[in-house]
Amino acid sequence: AKLPNVKCAGDWVRMGEREHGAKGLCQERAFVSGFEAANSLMRDTVTDGPFNEHEVLAVREDEMAVKVGMDVNRKVMSFVPRFWTR
């Protein structure tokens, strides 16, 4: 059953095509999912006039330096013993 006035928000919420930013537990994800939930709630329940939807900005693609750093880190961590750093 559809419940138009029940929405979820938090860093644990999967947002499908509206997925935003970091994957996993983080403050940014919780913050943005709150805006998405509020926008969705307003769209589904406001019947007497328009409302101002909060704009959620798209996340830019990582810069090349960040991508290289993440790749180097991934390769180094594959050689480091698990008990030492993880």
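Our subject is the structure listed above.
Not measured: the values here are computed from a predicted model.

Calculation notes
Residues numbered from 1 in each chain as written. Predicted model: local features only at pLDDT ≥ 70, side-chain atom pairs only at ≥ 80, totals over all residues. Heavy atoms only, no water. Helix = DSSP H or I, 4+ residues; strand = E, 2+ residues; numbered from the N terminus. Buried < 20%, exposed > 50% of the residue type's maximum accessible area, 1.4 Å probe, protein only. Contact = heavy atoms within 4.5 Å. Areas by Shrake-Rupley, 256 points an atom, 1.4 Å probe, with all protein chains shown as cover. Phe/Tyr/Trp six-rings, centres within 6.5 Å; stacked < 30°, edge-to-face > 60°. Expected span 1.5 Å × (residues − 1). Arc of directions from axis to C-beta. Salt bridge = Lys/Arg side-chain N within 4 Å of Asp/Glu carboxyl O.

(A) Fine view of the overall build of the protein. A count of helices and strands for the protein gives three helices and zero strands. Going residue by residue from the N terminus, the α and β elements of the protein occur as α-α-α. Going through the 86 residues of the protein one by one, you find that 14% of them count as buried. Taking contacts inside the protein between residues at least 6 apart in sequence as the whole, the part at least 24 apart equals 35%. For the protein, the exposed area adds up to about 7,400 Å²; of that, 58% sits on carbon and sulfur atoms.

(B) Up close: the packing of aromatic side chains. Under the definition given, this model contains one aromatic pair. For the pair F31 and F35, a centre-to-centre distance of 4.7 Å together with 85° between the ring planes defines the contact as edge-to-face. Separated by four residues within a single helix, F31 and F35 lie in helix α1 (residues 27–45), roughly one turn from each other.

(C) Seen up close, α1. The first and last C-alpha atoms of α1 sit 27 Å apart over 19 residues, in line with the 27 Å expected at 1.5 Å per residue. Those residues of α1 lying buried are R29, V32, S33, E36, A37, N39 and S40. Buried residues of α1, seen end-on, are gathered within an arc of 165° and therefore sit on one face of the element. The exposed set on the far side of α1, more than 90 degrees from its buried face, consists of Q27 and F31.

(D) Region of the structure containing the side chain of N39. Checked against the element boundaries, N39 lands in helix α1. Discounting chain neighbours no more than four positions away, the residues touching N39 are F51, E53 and H54.

(E) Molecular detail of the pattern of salt bridges. In this structure the tally under the stated criterion is four salt bridges. One salt bridge connects R74 with D71, and the closest N-O pair in it is separated by 3.6 Å. Taken together, the positions of R74 and D71, both in helix α2 (residues 64–79) and three residues apart, correspond to about one turn of that helix. For D71, a relative accessible area of 32% gives the class partly exposed. Note that D71 and K75 form a salt bridge whose closest N and O atoms lie 3.2 Å from each other. Taken together, the residues span about one helical turn, with D71 and K75 both in helix α2 at a distance of four residues.

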